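Structural overview
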Amino acid sequence: MKVPEIKEVPPGKKGRDLVQRDKKIMATSTKTSELVAERAKGALVWDVDGNLYVDFTSGIGVVNTGHCHPTVVEAISKQVNRLMHFAGTDFYYDIQVTLAERLAELAPGDFPKKVFYTNSGAESVEAAIKVAKWSTGRGRFLAFISGFHGRTMGALALTASKIQHQERFFSTMPGVDHVPYAYCYRCPYKLEYPGCGIWCADAIQELYLDKFVPPKDVAALFFEPIQGEGGYIVPPPEFPKKVFKICKENGILFVDDDVQAGFGRTGKMFGVEHHDIVPDILCVAKGMGSGIPVGAVIFDSKLDFGVLGAHSNTFGGNLIACVATMATLDVIEKEKLVMRSEKLGNHMSKRLDEMKEDNPIMGDNRGFGLMQATEFVRDPESKSPAPEIKEYVVRESFRKGLILLPCGASGVRYIPPLTIEEEHLDNGLDVLHEVIKNAGSISK
Ligand SMILES: Cc1ncc(COP(=O)(O)O)c(C=O)c1O
């Protein structure tokens, strides 16, 4: 089998028809490529016109176990005939408790934990906001510039990665102050690592908490272990530890948003484990259910609401979501996907760095495991962001059979399923290389 295989430059006839119908009826969202998917297996996707693609998106970091993994499909199929939904927030059943015990065991931190199930990343973040407010009695938050935590009004208040996320939505949740993240490729303070002494962390104390954000009013700080949507920004190792220390010294809860980095994506079970810190609250979703909508917040049991009705939902802990998650964890363990992500990630970063040698538009390659990206620039000296190159790379790769998603102002992310066959990973990287070589000419 030839992989990828483009028989008709996409979108083909059937694809174009569907795209037209979609445009009439579907609300505007974040559409990237005119790919009309029909079926998928592992890291391969077929469209309605018979084209075959390599998937470097995993449905936005969701199908870490690969599309339609047989273990997950079987678990869901069995459960569908037994019991699908019984409002786990109001009633009881075994699977939600057993899964919560397993998640609590997996999450960093050697202390009793509680779990609240959600249906998406943003809902996990909303739940974390409420856990933090309830348990501290405080109403303010800190979050990072270029951070992304979702688009519901509480989560949106924390999000700061693109203007269009915010425009016309003011006001969102009040009380959030944003501080610069450690984005060393484009230091917000125009300093250089390591000579900077990680000033961006000290500044949180000196410019914010000492000046105008009273620490005693701050419930929590929200942190992504790698900033995702904002550009796959990897902080230097000192930064998260310093930020964590500042939180602890000021009685501020540390919330880790592992929605995109979780479930083996970065070569650790949770992205925060790269930083050797134990969050008070962990937010997860995306990769948790291999495609079934499910998320959770896992937190120090001391922070629990303890009052019926303070927080709840209808679908959280849905049985299909629970069995899909249980099967996902089984696959991650059995197929050693965390290790596999690290190993394939090393291979990917080696190939990306080789490509960079003769393609100066690749300003910066970065990431952990199979969560990597390239930030494209017009030239490496000025580092001028190149959104037109980002768009070209996504568009032309798609036409040649590689599915990609952008991130940040001029980044392209590479997040294939962790189960991807090595040969398919290389096939995808070959397409990428060819497209990047041609992209050089559009920047001149
Ligand atoms: C780090 C992070 N948090 C939260 C979210 C929001 O998740 P959802 O789109 O499932 O609401 C995302 C989505 O990309 C994310 O990357």
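Residues numbered from 1 in each chain as written. Predicted model: local features only at pLDDT ≥ 70, side-chain atom pairs only at ≥ 80, totals over all residues.

Right, let's get into the overall build of the protein chain. Regarding its fold elements, the protein chain presents 13 helices and 15 strands. Scaling as 2.2 N^0.38, a compact globule of 444 residues should have a C-alpha radius of gyration of about 22 Å, and the protein chain matches this with 22 Å. Dimensions of the protein chain, computed from C-alpha atoms along their principal axes, come out at roughly 60 × 60 × 45 Å. In the protein chain, which comprises 444 residues, the share counted as buried stands at 50%. Contacts in the protein chain between residues far apart in sequence, at least 24 positions, make up 75% of those at least 6 positions apart. (Helix = DSSP H or I, 4+ residues; strand = E, 2+ residues; numbered from the N terminus. Rg over C-alpha atoms; globule rule 2.2 N^0.38 Å. Buried ≥ 20, exposed ≤ 12 C-beta atoms within 10 Å, placed from the backbone. Contact = placed C-beta atoms within 7 Å.)

With that settled, consider the environment of asparagine 81. Examined against the element boundaries, asparagine 81 turns out to sit in the loop between α3 (70-80) and α4 (94-106). For the pair asparagine 81 and isoleucine 95, spaced 14 residues apart in sequence, the C-alpha to C-alpha distance is 15 Å.

Now for the nonpolar core. Ranked by size, the top nonpolar core spans 128 residues in total, and within it Ala128, Leu221, Val255, Ile281, Val297 and Ala324 carry the most contacts. Counting residues per element, this core draws most heavily on helix α10 (residues 319-334), which supplies 11 residues. A domain split of this core shows at least three residues from each of domain 1 (13-65 + 338-442) and domain 2 (73-334). Those residues in contact with isoleucine 281, other than ones at most four positions away along the chain, are Ala128, Val131, Ala132, Leu253, Val255, Val297 and Phe299. (Core = buried A, V, L, I, M, F, W, Y, C linked by C-beta atoms within 7 Å. Domains from an automatic or database assignment.)

Before going further, it helps to spend a moment on the sheet that holds strand β2 (residues 44-47). Two modes of strand pairing occur in sheets, parallel and antiparallel, and in both the strands are linked by backbone hydrogen bonds. A sheet is described by the order of its strands in space; here four strands give the open sequence β1-β2-β3-β13, paired in mixed fashion. The outermost strands of the open sheet, each flanked by one partner alone, are β1 (37-41) and β13 (402-403). Sheet topology places β2 next to strand β3 (residues 52-55); three bridges connect them, and they run antiparallel. Each bridged residue has a counterpart across the sheet, and for tryptophan 46 the counterpart in β3 is leucine 52. (Pairing = 2+ DSSP bridges.)

On to the environment of valine 97, then. Mapped onto the secondary structure, valine 97 falls in helix α4. Taking the C-alpha atoms as reference points, valine 97 and methionine 348, 251 residues apart in sequence, are found 38 Å from one another.

To continue, consider the domain arrangement of the protein chain. Taken domain by domain, the protein chain comprises domain 1 (13-65 + 338-442) and domain 2 (73-334). On the side of domain 2, 26 residues touch domain 1, which itself brings 29 residues to the contact. At the level of elements, α2 (58-61), α11 (337-357), β11 (362-368), β12 (371-376) and β15 (411-414) are the ones that each hand at least two residues to the side of domain 1 that touches domain 2. Per-class residue counts for the side of domain 1 that touches domain 2 are 12 nonpolar, 11 polar and six charged. (Nonpolar A, V, L, I, M, F, W, Y, C, P; charged D, E, K, R; others polar.)

Now for the pairing of strand β7 (residues 218-223). Counting buried positions over the six residues of β7 gives six, a clear majority of the element. The pairing of β7 with strand β8 (residues 253-257) spans four bridges and is parallel. Among the inter-strand pairings, leucine 221 is bridged to a residue of β8, identified as phenylalanine 254. The parallel pair β7 and β8, bridged by helix α9 (residues 238-249), forms a crossover whose chirality is right-handed. (Right-handed = clockwise from strand over helix to strand, strands pointing away.)

In an α-helix there are 3.6 residues to a turn, and that puts residues three or four apart on one side. Those residues of α3 that fall on the buried side of the exposure criterion are Val72, Ala75, Ile76 and Gln79. Each buried residue of α3 lies within a common arc of 95° when the element is viewed along its axis, so the set occupies one face. Facing away from the buried side of α3, by more than 90 degrees, are the exposed residues Pro70, Glu74, Ser77 and Lys78. In this structure, the buried residues of α3 make contact with α10. (Arc of directions from axis to C-beta.)

In the vicinity of the ligand there are 14 residues, among which Gly121, Ala122, Gly150, Val259 and Gln260 approach most closely. At three residues, the largest contribution of residues to the shell around the ligand is made by helix α5 (residues 121-136). When grouped by side-chain class, the residues that make up the shell around the ligand number five nonpolar, six polar and three charged. (Near = placed C-beta within 6 Å.)

Here we come to unusual backbone geometry. For the peptide bond that leads from valine 3 to proline 4, omega is -10°, which places it in the cis range. For proline 4, the location among the structural elements is in the segment before α1 (13-25). With an omega dihedral of 5°, the bond running from phenylalanine 170 to serine 171 counts as a cis peptide bond. Relative to the helices and strands, serine 171 resides in the loop between α7 (163-166) and β6 (176-179). Non-glycine residue alanine 87 carries a positive phi angle of around 45°. Tracing the backbone through its elements, the reader meets alanine 87 in the loop between α3 and α4. For alanine 87, a count of 14 C-beta atoms within 10 Å corresponds to the partly exposed category. Although it is not a glycine, isoleucine 198 sits at a positive phi angle of roughly 55°. Inspection of the secondary structure puts isoleucine 198 in the loop between β6 and α8 (199-209).

Another aspect to go through is the pairing of β12. Within a regular strand, side chains alternate between the sheet's two faces. In terms of burial, β12 is largely enclosed, as six of its six residues are buried. Going residue by residue along β12, you find Met371, Ala373 and Glu375 tucked away on one face and Gln372, Thr374 and Phe376 tucked away on the opposite face as well. Relative to β12, β11 runs antiparallel, the two sharing six bridges. Following the sheet pairing, arginine 366 is matched in β12 by alanine 373. Joining the antiparallel neighbours β11 and β12 is a turn of two residues, in which glycine 369 adopts a positive phi near 55°. With four bridges joining them, β12 and β15 adopt antiparallel strand pairing. Within the sheet, the bridge partner assigned to threonine 374 lies in β15 and is valine 412.

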